[in-house]
Amino acid sequence: MEEEQEAEEKREPTQTFLPERILDRASPLGQQRFFPDSKGLSGPMKTGAVGGCVHADEPTTDMAVSRWCGGVVTALVLLGLACSLAVVEAYKQHEGIARSTYIYGDRAKQDDGEGGIKLKSETLQEGMFVEMKHLDHHTDSPLHQPESTFAERIHNAVKRSNNRVAGFKSIVASGITPRGVEFDPKLDVSSRAASFESPVTSSPGSYVMTISLGSPPQTKTAVVDTGSDLVWLQCSPCTVCYQQNDPLLDPSKSTTYKKISYSSESCAELPQRSDSGGFCTYRYGYGDQSTTQGELATDTLTLTTTTGATQEFPSFVFGCGHKNQGTFSGTDGLVGLGRGDISFPEQIGSLIGSKFSYCLVEITSSAAETSPLIFGDAAVSVGNSLNLHYTPLIRNPAADTFYFVKLKSIKVNKQNVVGIPSGAFDLKRNGQGGVILDSGTTLTYLIQSAYSPFLIKLRSFIKYPQVDSSQYGLDLCYDLSGVSDPKLPSVTFQFQGVDVDLPSNNVFLQIDQHGTTCLAFAGTSGLSIIGNIQQQNFYYLYDVENERVGIAPVDSCGKLSTVRSPSEAQRDEL
């Protein structure tokens, strides 16, 4: 990895792209003026009188009144500040905590007694360590097929990624992420209409993890997905279910399970919802006709820290799926790691400081090795030892689940790719375009106007015979049989603030034992996605609280998965 010139290393302010139709929307409160807050978001300030004193943008000529108002405002501000400090200090002394407010999205929330987010008052000691296993290749994965060849598993992953990218593009192209859209729960899930599309990827991710819900805890295996928000599991009774190896989650066996009210804000965060006797039911529709439907509920989430201790997180919001069908790979459900308010990291944000990281092992070694997924301070501790460089996260309200970053340019063997149009990777003000980091997409997909010159540049460095790649669903394959030490080009992603130098094994995949080696990139339209092959053996720290992603190369993510916390405590699963 290379640092950019000093002028480019300075972090630019976090960018928020508001769709034009939001900016032009009339406000019922009258004229609004928008000012950026500390996180780059926009908030309204209404012009006019405030509390009997004239607003700052309407100066008065009466200096006496102005001085009197200024004195009153100053006194009120000082009094309010003193009271706030006293309350916070008293609360801290009572609870013995370092952080007392759980931020739900951009709002502090308290439990409404019917499924709202619980106010949390502790932080995890050091963090959590979770083992992720590759869906196709790890021998413990429910999707692993030992009789299949590596080439067949790659082909399946490519098809899954193509469906996933199509889903991403559909979400972004639809404009504003839908929230609170009503649906008819009596309608058969198999007759899902096109309107059931939702901000969930059209195919699940590439890794699985365990999650424990209920009192006593019931531990299940679920797909890890940075491209969606909702955490959901198959529940009994299940009227329509796909096959899974584990028993269904049984809410009747949990003393802390509770349905969520239809009027709760958690329910309003769902893209598709329905009122079922005053309680909230949901439906998520997928681009490949997969669906999950059930009741939104809360239960106790049990977390295992890097010290081996367990900690309970009450009132965790999740979907209890009673009608589920499609390509969920035989797992028990899905854990959304996206940026939405009901995602796993957002809900436990107060415990983990809104930080998590992962390090993906190479696909060729993922049959036996696991990839570490770390939450909280432990993620920062590991990252600090790796000389992380940061690039800002970019908010896109048109698709608020995804982790957008700013990709400036691409190099091949340290040489600039000529012909990529200026602004090809930019996120437009209407929410279109941009670049997403995604652990669930296998390949990296570049917008076609950038992919075509990129492909030309790559080919100029490769002198091996080209072979038919259509059977693998890939664009560019070479015959390297008999080549003991192949020379293939490297690729550099130049993000804002950091260069990521990809060695050739992050660019090409050897598909079979005959030496067929293929490019792990593809062209697409609408937006670009950095996939998991390009992320392998790189440490990614998602510091959502500070709106940035830290990136560092590692020798082996498999070795990193044996890392201990600062106290050298035992590592456990979630």
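Residues numbered from 1 in each chain as written. Predicted model: local features only at pLDDT ≥ 70, side-chain atom pairs only at ≥ 80, totals over all residues. Heavy atoms only, no water.

A. Just unusual backbone geometry, in detail. Following serine 215, the chain continues into proline 216 via a peptide bond in cis, with omega recorded as 0°. Structurally, proline 216 is set in the loop between strand S7 (207-213) and strand S8 (218-225). Of note in the backbone geometry, asparagine 387 takes a positive phi value of approximately 60° without being a glycine. Within the secondary structure layout, asparagine 387 lies in the loop between helix H8 (377-384) and strand S18 (389-394). Even without a glycine there, the phi angle at glutamate 547 is positive, about 55°. Checked against the element boundaries, glutamate 547 lands in the loop between strand S32 (538-543) and strand S33 (548-553). When its relative accessible area of 2% is taken as the criterion, glutamate 547 is described as buried. (Helix = DSSP H or I, 4+ residues; strand = E, 2+ residues; numbered from the N terminus. Buried < 20%, exposed > 50% of the residue type's maximum accessible area, 1.4 Å probe, protein only.)

B. Examining the side chain of serine 371 more closely. Relative to the assigned elements, serine 371 resides in strand S17 (residues 371-375). Among the polar contacts made by the side chain of serine 371, one reaches the main-chain amide nitrogen of valine 361 at a distance of 3.0 Å. Contacts of serine 371, omitting those with residues within four sequence positions, involve Val130, Glu131, Met132, Tyr207, Cys359, Leu360 and Val361. (Polar contact = N/O pair within 3.5 Å; in protein donor to acceptor, adjacent residues only side chain to side chain. Contact = heavy atoms within 4.5 Å.)

C. Structural context of the sheet that holds strand S27 (residues 498-502). Read from one edge of the open sheet, four strands run S21-S20-S26-S27, paired in antiparallel fashion. The outermost strands of the open sheet, each flanked by one partner alone, are strand S21 (415-416) and S27. Looking at chain direction, strand S20 (residues 407-412) and S21 are connected through two bridges and run antiparallel. Of the residues in S21, the one forming a bridge with valine 412 is glutamine 415. Lying on the sheet, helix H9 (residues 448-459) is in contact with S20, S21 and strand S26 (491-495); it crosses S20 at an angle near 25°. (Pairing = 2+ DSSP bridges. Axes fitted to C-alpha atoms, helices over the stretch in contact; angles between N-to-C directions.)

D. Just the state of the cysteines, in detail. The final tally for this structure, using the stated rule, is five disulfides. Here cysteine 235 engages in a disulfide with cysteine 320; their sulfurs sit 2.0 Å apart. Residues cysteine 235 and cysteine 320 are joined through a disulfide that is left-handed, its torsion about the S-S bond being -125°. One end of the pair, cysteine 235, is in the loop between strand S9 (232-234) and strand S10 (258-259); the other, cysteine 320, is in strand S14 (residues 310-325), and 85 residues separate them in sequence. Across the pair, exposure class does not vary: cysteine 235 and cysteine 320 are buried alike. There is a disulfide in this structure between cysteine 267 and cysteine 280, and the S-S distance comes to 2.1 Å. Since a negative S-S torsion denotes a left-handed disulfide, the cysteine 267-cysteine 280 link at about 80° is right-handed. In this pair, cysteine 267 is assigned in helix H5 (residues 265-268) and cysteine 280 in strand S12 (residues 279-285), connecting sequence segments 13 residues apart. Assessed through its relative accessible area of 1%, cysteine 280 is described here as buried. (Disulfide = S-S within 2.5 Å.)

E. Region of the structure containing the sheet that holds strand S29 (residues 516-519). Read across the open sheet, the four strands follow the order S24-S25-S29-S28; overall the sheet is antiparallel. Of all the strands in the sheet, just strand S24 (466-467) and strand S28 (508-510) have a single pairing partner and so form its edges. The pairing of strand S25 (residues 477-479) with S29 spans three bridges and is antiparallel. Bridging from a neighbouring strand, aspartate 479 pairs with threonine 516 of S29. Along the sheet, H9 makes contact with S24, S25, S28 and S29, crossing S29 at roughly 145°.

F. Examining the pairing of S14 more closely. As judged from the three bridges shared by S9 and S14, these two strands associate in the parallel manner. Paired with glutamine 234 across the bridge in S14 is glycine 321. Here 13 bridges tie strand S13 (residues 291-304) to S14, and the two strands are oriented antiparallel to one another. When the sheet's bridge partners are listed, glutamine 293 is paired in S14 with lysine 323. Remark: five residues form the turn of the hairpin made by S13 and S14, two consecutive strands paired antiparallel; glycine 308 in that turn has positive phi of roughly 95°.

G. Fine view of H8. Those residues of H8 not exposed but buried are Ala378, Ala379, Val382 and Gly383. Within H8, the buried residues cover an arc of 135° as seen down the axis, which keeps them to one side. As for H8, its buried residues are in contact with strand S16 (355-359), S17, S32 and helix H11 (557-560). (Arc of directions from axis to C-beta.)

H. Molecular detail of the packing of aromatic side chains. Under the defined criterion, the tally for this structure stands at 16 aromatic pairs. Seen in terms of ring centroids, tyrosine 451 and phenylalanine 454 are 6.4 Å apart; in terms of plane orientation they differ by 40°. Their pairing is tilted. Here tyrosine 451 pairs with phenylalanine 454, and both are found in helix H9, just three residues apart, close to one helical turn. Side by side, tyrosine 451 and phenylalanine 454 carry an identical accessibility label, which is buried. Grouped by ring-pair contacts, the aromatic residues Phe313, Phe316, Phe344, Phe356, Tyr358, Phe375, Tyr403, Tyr540 and Tyr542 constitute a single cluster. (Phe/Tyr/Trp six-rings, centres within 6.5 Å; stacked < 30°, edge-to-face > 60°.)

I. Just the pairing of S26, in detail. For S26, a buried count of five out of five residues is recorded, marking the element as mostly surrounded by other parts of the structure. Burial along S26 is two-sided: the face carrying Val491, Phe493 and Phe495 and the face carrying Thr492 and Gln494 are both buried. Two elements, S20 and S26, share five bridges in a ladder whose sense is antiparallel. Counted as the bridge partner of serine 409 is glutamine 494 from S26. Relative to S27, S26 runs antiparallel, the two being bridged by five bridges.

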